[in-house]
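Fold and geometry: a report
Chain by chain, the residues run as shown.
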Amino acid sequence: MRVRRTVGFARAGHSDLPRWLWLGVCIVFCVGSPTFAGAETDITVAADGDGDFTSIQAALDSLPVAGREPVKILVRNGLYYEKVLINRDRVTLRGESRDGVQICYFLPRTEYDRRYDRLGPGVVNVFGNDVVIENLTIKNTQQSREHAFELYGQQKRLIPDH
């Protein structure tokens, strides 16, 4: 009786494919397709609920902190009353229009000094590197003349493009 050597699924009754084909299938599925390996992630934020998220911070919180791929977050026109923390590298925060996208928050500096939070002292706080913020408006809506941050960060490279 002759015993035939098989590879992978062939033992479970599947066809006996050549080893080089199984190796190619394993490389594509285990390592990843070269077409999609460097693709950028696109996320849409819309205050009216027509996007992936309704808040910018929720979109940022959904990203893995140690991610290596660049991420583009498109922010649709609307008022976003929130503080934002960008602590991931290679993030582009792009507004649909400069006047149409407004990130607003009331945050006097003395108020932050009394109650620190995890997001930071500014309306938008950037601690990631290679961050691009473009085509949107950031406002600290406090009315006093005391010092307050709209954009705050401790990054190596930040590109605010307005």
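Presented here is an overview of the structure given in this document. These figures come from a predicted structure and were not determined experimentally. (Residues numbered from 1 in each chain as written. Predicted model: local features only at pLDDT ≥ 70, side-chain atom pairs only at ≥ 80, totals over all residues. Heavy atoms only, no water.)

Let us look at the overall build of the protein chain. Assigned secondary structure in the protein chain consists of 4 helices and 11 strands. Per-residue burial for the protein chain yields a buried fraction of 34% across its 162 residues. In the protein chain, the share of contacts with a sequence separation of at least 24, taken over all contacts with a separation of at least 6, comes to 61%. When the accessible surface of the protein chain is totalled, it reaches about 10600 Å², and 53% of it is carbon and sulfur. (Helix = DSSP H or I, 4+ residues; strand = E, 2+ residues; numbered from the N terminus. Buried < 20%, exposed > 50% of the residue type's maximum accessible area, 1.4 Å probe, protein only. Contact = heavy atoms within 4.5 Å. Areas by Shrake-Rupley, 256 points an atom, 1.4 Å probe, with all protein chains shown as cover.)

The next subject is the environment of Ile103. By the element assignment, Ile103 lies in strand 6 (residues 101-105). A C-alpha to C-alpha distance of 6.2 Å links Ile103 and Thr137, two positions 34 residues apart in sequence. Sequence-distant contacts of Ile103, that is, excluding residues within four places in its chain, are made with Ile56, Tyr80, Glu82, Val84, Val123, Val124, Leu136, Thr137, Ile138 and Lys139.

Attention now goes to the side chain of Gln102. For Gln102, the location among the structural elements is in strand 6. At 3.3 Å, the side chain of Gln102 and the side chain of Lys139 are in polar contact. Among residues more than four places away in sequence, those in contact with Gln102 are Gly78, Leu79, Tyr80, Thr137 and Lys139. (Polar contact = N/O pair within 3.5 Å; in protein donor to acceptor, adjacent residues only side chain to side chain.)

Residues Ile56, Leu60, Ile73, Ile86, Leu93, Val124 and Ile133 are the most contacted members of the largest nonpolar core, which totals 23 residues. Contributions of two or more residues to this core are made by strand 1 (41-45), helix 3 (56-61), strand 2 (71-75), strand 4 (84-86), strand 5 (91-95), strand 6, strand 7 (122-126) and strand 8 (131-134). The residues touching Ile56, leaving out its near neighbours within four places in the chain, are Val45, Val75, Tyr80, Glu82, Val84, Leu93 and Ile103. (Core = buried A, V, L, I, M, F, W, Y, C linked by side-chain atoms within 4.5 Å.)

Of note in the backbone geometry, Asp130 takes a positive phi value of approximately 55° without being a glycine. Tracing the chain through its elements places Asp130 in the loop between strand 7 and strand 8. Its identity as a non-glycine residue notwithstanding, Asn135 has a phi of 60°, on the positive side. Tracing the sequence through the fold places Asn135 in the loop between strand 8 and strand 9 (137-140). Classification of Asn135 by relative accessible area gives partly exposed; the value is 30%.

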